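# Structure at a glance
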Amino acid sequence: MRCIVGCDPDVGCALAVITGHDVGFVDTVRIFDCPTQTVMVNRRPRKRVCVDGMVALVRELNLPAGTVADLEVGGGRSAYNSQTSFVQGAASGTWHGVPVSHDFDVRLVAASTWKWALKLARRGAPRDKNESRDLAKRLFADVADVADVADLLRLQKYHARPPASHARGH
């Protein structure tokens, strides 16, 4: 059994676990929302990653040591304020540390790398989250253990799920 783990590590992220009996064969696709918790920041409730929940999720996956986990590297953007940059970095660092602590082989993948490899990025073309979701639906449409991949990816709020599921598509 072969297993690939992909993670889009922001607060609204997802973790995808894809298994198959050999390279190129997909038997199961499981997608998990990132465990979060609400914390008070400057007297306002804010959503943050829940480290205890992340540890429990990775432990429950019961994957062997050495499992490759591709972690999307986002990085700061000019439009980010300091608080957003901090939250993004903290979530990404936590998603790096939790799989490493479970003996996964964590590999950082730039978002642009897999997007260009899957032809989701083109010079001068606007970013389109729907295009990524549509590709995931097509790639995993025939997976028997997924009741309805389209249902897993139906809402735009799940935009992090397709990147997690094709982080290894490059």
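That block above? That's the structure.
Summarised in this report is the structure supplied together with it.

What counts and how
Residues numbered from 1 in each chain as written. Predicted model: local features only at pLDDT ≥ 70, side-chain atom pairs only at ≥ 80, totals over all residues. Heavy atoms only, no water. Pairing = 2+ DSSP bridges. Helix = DSSP H or I, 4+ residues; strand = E, 2+ residues; numbered from the N terminus. Axes fitted to C-alpha atoms, helices over the stretch in contact; angles between N-to-C directions. Contact = heavy atoms within 4.5 Å. Salt bridge = Lys/Arg side-chain N within 4 Å of Asp/Glu carboxyl O. Buried < 20%, exposed > 50% of the residue type's maximum accessible area, 1.4 Å probe, protein only. Core = buried A, V, L, I, M, F, W, Y, C linked by side-chain atoms within 4.5 Å. Arc of directions from axis to C-beta.

This part takes up the sheet that holds strand β2 (residues 14-20). Backbone hydrogen bonds are what pair the strands of a sheet, in a parallel or an antiparallel way. If you trace the five strands from one edge of the open sheet to the other, you get β3-β2-β1-β6-β7, paired in mixed fashion. Of all the strands in the sheet, just β3 (28-33) and β7 (105-110) have a single pairing partner and so form its edges. Neighbour-to-neighbour, the strand axes of the sheet open up by a mean angle of 20 degrees, direction not taken into account. One ladder, built from six bridges, connects strand β6 (residues 68-73) with β7; its direction is parallel. Bridge pairing in β7 places Asp 70 opposite Arg 107. Most of the contacts of helix α1 (residues 51-61) go to β3, to which it runs at about 165 degrees, and overall it touches β2 and β3.

Our focus in this paragraph is the pattern of salt bridges. One side chain can pair with another of opposite charge once the charged atoms of both are near each other. Inspection of the entire model under this criterion finds two salt bridges. We note a salt bridge from Arg 107 to Asp 105, for which the minimum N-O separation is 2.8 Å. Overall, the relative accessible area of 30% leaves Asp 105 in the partly exposed class.

This part is about the nonpolar core. Judged by nonpolar contacts, the single largest core of 22 residues is most densely connected at Val 5, Leu 15, Val 17, Val 49, Leu 63, Trp 95 and Phe 104. When residues of this core are traced back to their parent elements, those giving at least two are β1 (2-8), β2, α1, β6 and α2 (82-101). Beyond its immediate stretch of four places on either side in the chain, Trp 95 contacts Cys 7, Pro 9, Cys 13, Leu 15, Cys 34, Pro 35, Met 54, Leu 57, Val 58 and Leu 71. With six residues, the next largest nonpolar core counts Ala 14, Ala 16, Val 29 and Phe 140 among its residues.

Attention now goes to the pairing of strand β4 (residues 36-41). The two faces of a sheet get side chains in turn, since along a regular strand they alternate between them. Here six bridges tie β4 to strand β5 (residues 44-49), and the two strands are oriented antiparallel to one another. Counted as the bridge partner of Val 39 is Arg 46 from β5. Remark: two residues form the turn of the hairpin made by β4 and β5, two consecutive strands paired antiparallel; Asn 42 in that turn has positive phi of roughly 50 degrees.

Looking at the secondary structure, you find Gln 88 in helix α2. Judged by relative accessible area, Gln 88 falls into the buried class, the value being 19%. What Gln 88 contacts, discounting residues up to four positions off in sequence, is Asp 10 and Tyr 80.

As a further point, take α1. Buried residues of α1: Gly 53, Met 54, Leu 57, Val 58 and Leu 61, and no others. Down the axis of α1, the sector holding all buried residues measures 130 degrees, keeping them to one side. Residues Asp 52, Arg 59 and Glu 60 are exposed on α1 and point more than 90 degrees away from its buried face. Where α1 is buried, its residues meet β2, β3, β5 and α2. Positioned one or two residues after α1, Asn 62 has a phi angle of 55 degrees, which is positive.

Right, let's get into the pairing of β2. Burial runs high along β2: seven of the seven residues are buried. Relative to β2, β1 runs antiparallel, the two sharing seven bridges. Note that in β2 the partner of Ile 4 across the bridge is Ile 18. If you look at the hairpin formed by β1 and β2, you'll find five residues sitting between the two strands. Judged from the six bridges that link them, β2 and β3 form a sheet pairing that is antiparallel. Of the residues in β3, the one forming a bridge with Thr 19 is Thr 28.

Interpretation note: all reported values are geometric properties and have no functional meaning in isolation.
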